[in-house]
Amino acid sequence: MNLRESARFAVRGVMANKLRSLLTMSGILIGVAAVIILIAAGTGASASVQKSVSSLGSNTLTITSTTTGAGSRGGGARGGAGGLGALGGAARAGGGGFGGAGGAGGAASSSTVNNGTLVQQPQLTLDDAQALVDETQAPDVASVAPVVTAPSVTATYEGASHTVGTFTGSTPSYLTNDNDSLQAGVPISDSDYTARKRICLVGTTVAVDLIGGDGSAILGQTVQFNGIAYQVVGILTAKGSSGPQDQDDRVVAPLTAVQDTLTGYGTISSISVKAASSTEVTAAQDEVTSILNQRHHVTAANEDFSIFNPTSILSALGTITGVFTILLGGVAGISLLVGGIGVMNIMLVTVTERTREIGIRKAIGAQKSDIVGQFLMEAVMLSVFGGLIGVVIGVLVGQLQFGTFQLVVAPYSVVLAFGVSVAIGLFFGIYPANRAASLRPIDALRYE
């Protein structure tokens, strides 16, 4: 008996009891759909986490001081900061940059500073940021942006007030380093920085809270920050929330103006360093570490600064979410296994019910391979149809979005789930098929 004839008998066997066949397929169907949907959930979670971390700037290192103390650093107060605005890209372009900015923080190379009240370890200064703009010592650094953060800033505009989540003072290169852009207005320029202009870029949360609507009307208006007037020249593109933190509740202004009005001329809060490419982040981190260690007279054992590297965080998170996805797929795979056991159970029942049919077919000349082929094909047919329906359901559900969480169907999960369903049909169909083919014709004909 050829394959076509076996297929005809298999179809007739499946259709003989439609409800039972449908229930048998449902086990495979649910298993396949579960594998696709749960892997889509894991993939979606991984994509969401990576997007959140990447929004911080995937090629950007953030340097912060790990020492604190009362009082402020000694050193020049105002100093000249005229060259800071040219810092973006200066490392590769051949230096340039900070000019007379060093007066804002004093020399970072001194080991201790006595301000009359406390001897304190050196913290980050504008001179430290300037030192990183060196194409010889830091060839993998593309741009550098020193950052100061003003605490407890309240914005007021025509009777409306808003407590700003983050008020940042930095250089024009900060937006590039922080992976930011503007949805309206113009960015801070080098001339704005040098002239110490009191202008700012506001996040959408600040704009909407102060002026209402979509916030766009705040462009060009003058807003008071702790009583100091700043003109809004740009609105930052919305980034959304990262956990409990609203990434749009912020204001960015020239570092020179912020030091003039809100923070004073002490140490800076952090330094943002952008690597030339994603493949050079680690090299850039090593270069930055070497330069700062030399300037601060410290070693790896007693460094007074820390460097946040998003690439290492992404790698760790990728490993965690990968394990999480595998775990979800494994749990869903159990349901596929249960479905396969259901196929075997039904096929054994089918063999028992059709014992006389098997005896008659063998008596008139059917070979063992014919009987095996018929029942094995029935089992595979149930698995294939169940798998196909499961794939359709899994892909459709895998396109859904729950709030801000978007499921992402992984193509490999579709192929894997369907392939396993077919393999299960073969594996769990072999024993019933062999059992049917092993029946002696005389015993089968006598069976009641």
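Criteria and cut-off values
Residues numbered from 1 in each chain as written. Predicted model: local features only at pLDDT ≥ 70, side-chain atom pairs only at ≥ 80, totals over all residues. Heavy atoms only, no water. pLDDT = per-residue confidence, 0-100. Contact = heavy atoms within 4.5 Å. Pairing = 2+ DSSP bridges. Helix = DSSP H or I, 4+ residues; strand = E, 2+ residues; numbered from the N terminus. Axes fitted to C-alpha atoms, helices over the stretch in contact; angles between N-to-C directions. Parallel < 35°, antiparallel > 145°, perpendicular 65-115°, else oblique. Left-handed = near helix turned anticlockwise from the far one by under 90°. Salt bridge = Lys/Arg side-chain N within 4 Å of Asp/Glu carboxyl O. Buried < 20%, exposed > 50% of the residue type's maximum accessible area, 1.4 Å probe, protein only. Core = buried A, V, L, I, M, F, W, Y, C linked by side-chain atoms within 4.5 Å. Phe/Tyr/Trp six-rings, centres within 6.5 Å; stacked < 30°, edge-to-face > 60°. Lys, Arg positive; Asp, Glu negative; His and termini not counted. Polar contact = N/O pair within 3.5 Å; in protein donor to acceptor, adjacent residues only side chain to side chain. Arc of directions from axis to C-beta.

A. The confidence of the model for the chain, seen in detail. On average, residues of the chain score 79 in pLDDT, and 81% of them are at 70 or above. Under a pLDDT of 50 for its full length, residues 68-83 has, in the predicted model, 53 contacts with residues more than four places off or in other chains. Across residues 89-122, where pLDDT falls below 50, the model places 106 contacts with residues more than four positions away in sequence or in other chains.

B. Geometry of the pairing of strand E1 (residues 60-65). Looking at chain direction, E1 and strand E15 (residues 270-275) are connected through five bridges and run antiparallel. For leucine 61, the partnering residue across the bridge sits in E15 and is valine 273. Pairing between E1 and strand E16 (residues 305-308): four bridges, direction antiparallel. Looking across to E16, one finds that threonine 64 is bridged to serine 306.

C. Region of the structure containing the packing of helix H12 (residues 368-397) against helix H13 (residues 411-437). As a packed pair, H12 and H13 sit with axes 7 Å apart at the nearest point and diverge in direction by 155 degrees. The orientation of H12 relative to H13 falls into the category roughly antiparallel. Judged by the twist between their axes, the crossing of H12 over H13 is right-handed.

D. Spatial organisation of the packing of helix H11 (residues 355-363) against H12. It is at 10 Å that the axes of H11 and H12 come closest, and there the two elements cross at 145 degrees. Crossing of H11 against H12: the hand is right-handed. For the pair H11 and H12, the contacting residues are Glu357, Ile358, Arg361 and Lys362 in the first and Asp370, Ile371, Gln374 and Phe375 in the second.

E. Region of interest: the pattern of salt bridges. Tallied over the entire structure, the rule returns seven salt bridges. One salt bridge connects aspartate 128 with arginine 295, and the closest N-O pair in it is separated by 2.8 Å. Linking aspartate 128 in helix H4 (residues 126-131) with arginine 295 in helix H9 (residues 281-296), this pair joins segments that are 167 residues apart in sequence. Look at aspartate 128 and you get buried, because its relative accessible area is 0%. Across the pair aspartate 260 and arginine 196 runs a salt bridge whose closest N-O atoms are separated by 2.9 Å. Residue aspartate 260 is found in helix H8 (residues 255-263), and its partner arginine 196 is found in the loop between helix H6 (190-194) and strand E9 (199-202); the two are separated by 64 residues along the sequence. Taking relative accessible area as the criterion, aspartate 260 reaches 25% and is therefore assigned partly exposed. Connected through shared salt-bridge partners, Asp178, Asp180, Lys239 and Arg250 make up one network.

F. The nonpolar core, seen in detail. Among the nonpolar cores identified, the biggest contains 48 residues, and Ile63, Phe167 and Phe225 are the most heavily contacted of them. A total of five residues in this core trace back to one element, the largest contributor, which is H9. The residues touching isoleucine 63, leaving out its near neighbours within four places in the chain, are Leu124, Leu132, Ser269, Ser270, Ile271, Val273, Val288, Leu292, Phe305, Ser306 and Ile307. Listed in part, the 35 residues of the second largest apolar core include Met25, Val35, Val351 and Ala410.

G. Spotlight on the packing of aromatic side chains. If you walk through the whole model with that rule in mind, you get four aromatic pairs. Pairing phenylalanine 167 with tyrosine 230 gives two aromatic rings, centres 5.9 Å apart and planes at 75 degrees, and the pair type is edge-to-face. One end of the pair, phenylalanine 167, is in strand E7 (residues 166-170); the other, tyrosine 230, is in strand E11 (residues 228-236), with 63 residues separating them in the sequence. Judged by its relative accessible area of 0%, tyrosine 230 is buried.

H. Region of interest: the side chain of aspartate 249. Topologically, aspartate 249 is positioned in the loop between strand E13 (245-246) and strand E14 (250-254). This buried residue, aspartate 249, is left without a salt bridge; arginine 250 holds the nearest opposite charge, at 8.7 Å. Looking at aspartate 249, its side chain comes within polar contact range of the main-chain nitrogen of glycine 165, at 3.2 Å. Other than its neighbours up to four places away in sequence, aspartate 249 contacts His162, Thr163, Val164, Gly165, Thr166, Thr205 and Val206.

I. Broad picture of helix H7 (residues 204-211). Looking only at H7, the buried set comprises Thr204, Val206, Ala207 and Leu210. Each buried residue of H7 lies within a common arc of 160 degrees when the element is viewed along its axis, so the set occupies one face. One or two positions beyond H7, positive phi appears at glycine 212, with a value near 80 degrees.

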